[in-house]
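Read off the chains here:
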Amino acid sequence: MTTPNPTPSTVTVKVPTARIAAPSPWRAFGRMVGTLWSNGKARVGLCLLAFFVLVAVFAPLLAPYGPKENGFPRNADASWEHWLGTTAAGEDVLSQLIYGAQVSLLVGFAAGLLSTIVAVLIGLSWGYMRGFAGEVVGFIVNLFLVIPGLPLMIVIAAYLQNGGILMIIAVIVVTGWAWGARVLRSQTQSLRGNDFVTSAQFSGDSRARIVFREILPNMTSIIAGTLFGAATAAILAEAGLEFLGLGDSSIVSWGTMLYWAQNSNSLLTGQWLLLFAPGLCIALLALSLTLINFGVDGISNPRLREGKGR
C-alpha cells in the first residue's frame, strides 16, 4: 500500500534572507558632494570659497610683507613693490588684504556655526514640545525676530567695546540665531506626525532621542543651508561692525581696512583701492556662500538639481 505524496500546502521551503547593509556615511557624504558639484552655481561658489581658504591658510607664504609692517612711504600709489599701494600709516595694502582673510573667515564660520547650533537646539525642541513651555520659547524667539538685528548688534557691540574677536562672535551669535530656529521649528512640526516618529513614541523612546536621533537626520540639508546663510550674515556683520569702529581696530581684517581707509579719507586722496579691494573680497566671499546654498537646495529638493546629479 503506497502512501500519498504530501500536498504542496504541507511543504515548507526555507529561503535564505539576505541582510541589507546600512548605507555608509561616507557614501552618503560623497553623494551630497556630488550633488553640490553637479550644480553650476554651487561649483563656482565652492571654487571661490576654496580660493579664500587657501589664501588664509598660506597667508604667511603669499604676503610679500607683514600685515603691520609700516616702514614704507605713506599713501603710495600702486607699484611693482606695492601692487595695491600703501596706507596712511605706511603699510602694504596687499599684505593686509591677504592676512585679513584669516580673521574674516574665522569670525564668519565660527559665528555661523555657533548660531546654527543654537538655532538647531532651540528650533527642534520648540517644534516638538507643546503647551506652556512651547509658548514661552515662541515668545522669546518672536522677540528676537521683532527687534531689528543691526541696531541691536550696534548697541551690544558699543556696550562691550574693545572685547576683541570673541566679542564680535558673541554679538553675532546673540543676534543671528532666531531666523534659523523659526525655519527648523516649522520643519520639525511637519515631521512630528510621521510614522517613524509615532513608532518611536510607542516604543518608549525619550523626547531627546526622538528629536535628535529620528527628526534631526531628516533635516541635514536645511541645517546646512542655515549654516551657510548664517556664515554669510556673520561675515557681513563683522565687516560692518569693524567699519563702524565697534570692533578691535588693532587687528587686521577686511573690516578694519575699510575703517582706516575711511579715517584717512582715501577717496579724497585718490586711493580708491583701499576701499575697493577689501570691499570686493567681502562681496566675493559672501557670494561664494550664497552660490553654495543653491546646491544645498538641490540636495533637499531633487527638482532643483542640475546636470548629472539630477
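What you see is a predicted model, and the numbers here were worked out from it, not measured in a lab.

> Can you tell me about the packing of aromatic side chains, naming the residues and giving the values?
Applying the stated criterion across every chain, the model contains six aromatic pairs. Here the aromatic rings of F144 and W177 are separated by 5.1 Å at their centres, their planes lie at 55°, and the arrangement is tilted. Of the two residues, F144 sits in helix α5 (residues 132-146) while W177 sits in the loop between α7 (164-176) and α8 (178-192), which places them 33 residues apart along the sequence. Ring centres of W272 and F276 lie 5.7 Å apart, and the angle between their planes is 65°; this geometry places the pair in the edge-to-face category. By the ring-pair criterion, three or more aromatic residues cluster together here, those being F51, F52 and W254. A cation sits over an aromatic face here: R185 above W126, 4.4 Å from the ring centre.

> Requested: an account of α8, with residues and values cited.
With 15 residues, α8 ought to run about 21 Å at 1.5 Å a step, and its terminal C-alpha atoms sit 21 Å apart, in line with that. Within the sequence span of α8, burial applies to A178, G180, A181, L184, T188, L191 and R192. In a view along the axis of α8, the buried residues occupy a sector of 140°, so they form one face of it. The inward-facing, buried residues of α8 contact α4 (93-128), α5, α7, α9 (195-202), α10 (207-215) and α11 (220-243).

> So what's going on with the nonpolar core? Which residues, and what values?
One finds F52, L97, I98, W254, L285 and L289 to be the most contacted residues of the largest nonpolar core, which totals 31 residues. Residues contacting I98, with those up to four places away along its chain left out, are V55, A59, L62 and A63. Counting 19 residues, the second largest nonpolar core, distinct from the first, contains L124, W126, A181 and I223.

> Explain the pattern of salt bridges to me, and be specific about the residues and the numbers.
Evaluated as defined, the whole model comprises one salt bridge. The partner of R209 in a salt bridge is E214, with the nearest N and O atoms 3.5 Å apart. What makes R209 partly exposed here is its relative accessible area of 33%.

> Lay out the confidence of the model for the protein in plain terms, naming residues and giving numbers.
Confidence in the prediction for the protein averages 80 pLDDT; 85% of positions are at 70 or higher. When mean pLDDT is taken per element in the protein, helix α3 (residues 59-62) scores highest with 92 and helix α1 (residues 25-38) scores lowest with 69. Contacts of residues 7-23 to residues separated by more than four positions or lying in other chains number zero contacts, the stretch itself having pLDDT below 50.

> Go over the side chain of S288, please, and point to the residues and values.
Positionally, S288 belongs in helix α13 (residues 273-300). Discounting residues that sit within four places of it in the chain, S288 has contacts with G45, L48 and L49.

> Let's hear about α10: which residues, and what values?
Among all positions of α10, only I210, V211 and I215 are buried. Buried residues of α10, seen end-on, are gathered within an arc of 95° and therefore sit on one face of the element. Along its buried surface, α10 packs onto α4, α8 and α9.

Reading guide: rules and limits
Residues numbered from 1 in each chain as written. Predicted model: local features only at pLDDT ≥ 70, side-chain atom pairs only at ≥ 80, totals over all residues. Heavy atoms only, no water. Phe/Tyr/Trp six-rings, centres within 6.5 Å; stacked < 30°, edge-to-face > 60°. Helix = DSSP H or I, 4+ residues; strand = E, 2+ residues; numbered from the N terminus. Lys NZ or Arg CZ within 6 Å of the ring centre and 35° of its normal. Expected span 1.5 Å × (residues − 1). Buried < 20%, exposed > 50% of the residue type's maximum accessible area, 1.4 Å probe, protein only. Arc of directions from axis to C-beta. Contact = heavy atoms within 4.5 Å. Core = buried A, V, L, I, M, F, W, Y, C linked by side-chain atoms within 4.5 Å. Salt bridge = Lys/Arg side-chain N within 4 Å of Asp/Glu carboxyl O. pLDDT = per-residue confidence, 0-100.

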